[in-house]
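Descriptive structure summary
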Amino acid sequence: MLRFLVRRVFLGLFVMWIVTIIVFGLFFIGPSAEAVARRLGGKSATPQQIHLIMTRLGLNDSIIVQYWHFLWGNPSVPNTGLLKGHLGYDYYYQVSVNHIIAQAFPITFSLALGAAIL
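One structure accompanies this document, and this report is about it. Since this is a predicted model, take the numbers as computed values, not measurements. (Residues numbered from 1 in each chain as written. Predicted model: local features only at pLDDT ≥ 70, side-chain atom pairs only at ≥ 80, totals over all residues. Heavy atoms only, no water.)

Attention now moves to the overall build of the protein chain. Helix and strand counts for the protein chain stand at five helices and four strands. In the protein chain, the succession of α and β elements from N to C terminus is α-α-α-α-β-β-β-β-α. By element, 72% of the accessible surface of the protein chain is carried by carbon and sulfur atoms, the whole surface being about 9,300 Å². (Helix = DSSP H or I, 4+ residues; strand = E, 2+ residues; numbered from the N terminus. Areas by Shrake-Rupley, 256 points an atom, 1.4 Å probe, with all protein chains shown as cover.)

Scanning all chains against the criterion turns up six aromatic pairs. Ring geometry for Phe14 versus Trp17: centroids 6.0 Å apart, planes at 45°, classification tilted. Note that Phe14 and Trp17 are positioned in helix 1 (residues 2-29) at a spacing of three residues, about one turn of the helix. With relative accessibility at 45%, the residue Phe14 sits in the partly exposed group. What makes Trp17 partly exposed here is its relative accessible area of 43%. (Phe/Tyr/Trp six-rings, centres within 6.5 Å; stacked < 30°, edge-to-face > 60°. Buried < 20%, exposed > 50% of the residue type's maximum accessible area, 1.4 Å probe, protein only.)

Considering the arrangement of structural elements, one finds Tyr89 in strand 3 (residues 89-90). Taking the C-alpha atoms as reference points, Tyr89 and His99, separated by ten residues in sequence, lie 9.3 Å from one another. Once residues lying within four places of it in the same chain are set aside, the contact partners of Tyr89 are Gln94, Val95, Ser96 and Val97. (Contact = heavy atoms within 4.5 Å.)

Structure (structure tokens):
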């Protein structure tokens, strides 16, 4: 029984690690770093502004360093790090992602509860 539980725990950790790699790949490797920085800086962003955004967000770092910052947080960007519970900052709405999730939680919970009852 103990062997089964240990195997299941390690399998669960492995699956969560694979999921973080896939999510990181979808959001960080896919789009070009310069395109992301240009979008954040606006259409009239100068090359200096784009370079500053890329440096601040760590988009000039290697993929391994970016993955580490995705998991543990980037020291130059406060309140980030998946394993710390900080999901980052939404530049579109200018608020924390945790705040957006907290606002949507009651609605999501009521829908899930209603679906479970049905």
